[in-house]
Amino acid sequence: MPKVEALHRYATPFGVFLLLVILLGVGLTLDPRRVPSPLIGKPLPEFDVPTVRDPQRRFSQDQLRDGVSLLNVWATWCVPCREEHPVLVGIEQRGEAVIFGLNYKDRRDKAITWLNQLGDPYRMSGFDVDGRAGIDLGVYGVPETFIIDAKGDIVHKHIGPIDEKTWKEELLPLIRRVESRRG
Amino acid sequence: MERRAATPDPARRVQARLSRRRAAGLFLGAVLLAVAGAAVAAVFEPREFASAEQERRYKVLINELRCLVCQNQNLADSNAELAADLRTLAYEMIKNGDSDEQIITFMVDRYGEFVLYRPRLKASTVALWLGPFLLGAGGIWLLWRMIHRRSLLARTTQELSDDEKSRLKDLLGGDETDTERGRNA
């Protein structure tokens, strides 16, 4: 068989194989645990919960209209939240971002103790005892952190704990960009 | 000349076939048991409904919605707390008079199309729905082309002329008796 014809014969199956390799290779790098949120680009959903420290005060989505802010969903029973906490405390101390909290399916006394012992990076923390506010936000695990711009729109959702590297290299630059856009 | 036992004696053959059948039967039984087990794996939660239709709708919904925590399970089977919360929510929405469409939209608005085991056909899911069929059709077309080409090749290949046949015999060295002797050795 002449050489060119032989090459031609194998070209198509090889081409298909190559395509599959690329497709599946990309697929291997994706993490199905990180479900993309359909709320990105949309206004922060409405919610209305009491605060952790003071049951008489309310915490709702309106309070996040004062510049770019983070909404961090956390719980005392969540181990990664415990690891993430010092990072959040650092962010608040350095004044890099305003952080609001949403305490998810937890106990109030435990939550208050946790904040007193480990530091409270939150301007305010909502107390979502039955998780309904979480459902409205599309929360399916803890911790999750939303980045909300001054208009009240969700610009990013971070699944899992925030580590220093992610903060410095990904999230903080994103916040700066969003801030400069709004002027 | 060595004696090669090509097949075991008849008795052993029957025995082998019977034990193979038993093994196959056991395997099939195990598979059926596993599948049946999964069918009744739904979390047991007593719920009261105003009508049989509501109950039917509830069961269909919790089977069609994915648990995002244990992503290979639907809400019906999952023991995750979020699944329990969403089941309760679906139940409440049905009791409230919300339609299936409203409940599904509610879930998809918050969690995306991924929450449905059968995502709705949208611009973002077209590739997902049509992909397998397109790939299948593409494969069949390639196959047809290969077979067609081969049959074309067979048709156009010419028979050897008598002259060429005798040349071939010479090239292969010797006549038929030689090859037969080799077979019976």
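Source: prediction; values computed, not measured.

A. Region of the structure containing a nonpolar patch on the surface. Taken together, Phe14, Phe17, Leu18, Val21, Ile22, Val26 and Leu30 of chain A make up a surface patch of nonpolar side chains, about 700 Å² in accessible area. Among the structural elements, Phe14 of chain A can be located in helix α1 (residues 3-29).

B. Fine view of the sheet that holds strand β5 (residues 122-128) of chain A. All names here are of chain A. As summarised here, the arrangement of the five strands in space is β5-β4-β3-β6-β7, forming an open sheet in which the pairing is mixed. Both edges of this open sheet fall to β5 and β7 (154-159), since each of them pairs with a single strand only. Direction aside, the axes of adjacent strands within the sheet are offset by 20 degrees on average. As paired elements, strand β6 (residues 144-148) and β7 share five bridges and run antiparallel to each other. Of the residues in β7, the one forming a bridge with Thr145 is His158. Of the strands in this sheet, β3 (69-74), β4 (98-104) and β5 are in contact with helix α3 (residues 108-118), which crosses β3 at around 125 degrees.

C. Structural context of the state of the cysteines. Taken as a whole, this structure holds one disulfide over all chains when the rule is applied. A disulfide bridge connects Cys78 of chain A with Cys81 of chain A, and the sulfur atoms are separated by 2.2 Å. The chirality of the disulfide connecting Cys78 of chain A with Cys81 of chain A is right-handed, given an S-S dihedral of about 85 degrees. Its relative accessible area of 2% is what places Cys81 of chain A among the buried residues. A disulfide-free cysteine, Cys67 of chain B has its sulfur positioned 3.9 Å from the sulfur of Cys70 of chain B, the nearest such atom. On the basis of relative accessible area, Cys67 of chain B is assigned to the buried category, the value being 1%.

Definitions and cut-offs
Chains are numbered independently. Their residues run from 1 in the order of the written sequence. Written order determines the labels here, with chains lettered from A and ligands numbered from 1. Whole-chain, interface and lining totals are the exception, using all residues; otherwise, since this is a predicted model, local features are given only for residues with pLDDT of at least 70 and side-chain atom pairs are given and counted only at 80 or more. Working from all heavy atoms in the structure, the side-chain values ignore hydrogens and water. Patch rule: a residue counts if its relative accessible area is over 30% and it has no salt bridge; like charges are joined within 9 Å, and nonpolar side chains (Val, Leu, Ile, Met, Phe, Trp, Tyr) within 5 Å. Only the protein chains shown count as covering a residue, and every accessible area follows the Shrake-Rupley method with a 1.4 Å probe. A carboxyl oxygen of Asp or Glu within 4 Å of a side-chain nitrogen of Lys or Arg is what we treat as a salt bridge. Strands are runs of DSSP state E lasting at least 2 residues, helices are runs of H or I lasting at least 4, and numbering of each runs from the N terminus. Only when DSSP finds a minimum of two bridges between them are two strands counted as paired. Orientation is described by axes fitted as lines to C-alpha atoms, over the contacting stretch for helices, and by angles from 0 to 180 degrees between their N-to-C directions. Any pair of residues with heavy atoms lying within 4.5 Å of one another is described as a contacting pair. Put simply, a disulfide is two cysteine sulfurs that come within 2.5 Å. Exposure categories follow from relative accessible area, calculated using a 1.4 Å probe and restricted to protein chains: below 20% of the type maximum is buried, above 50% is exposed, and the middle band is partly exposed.

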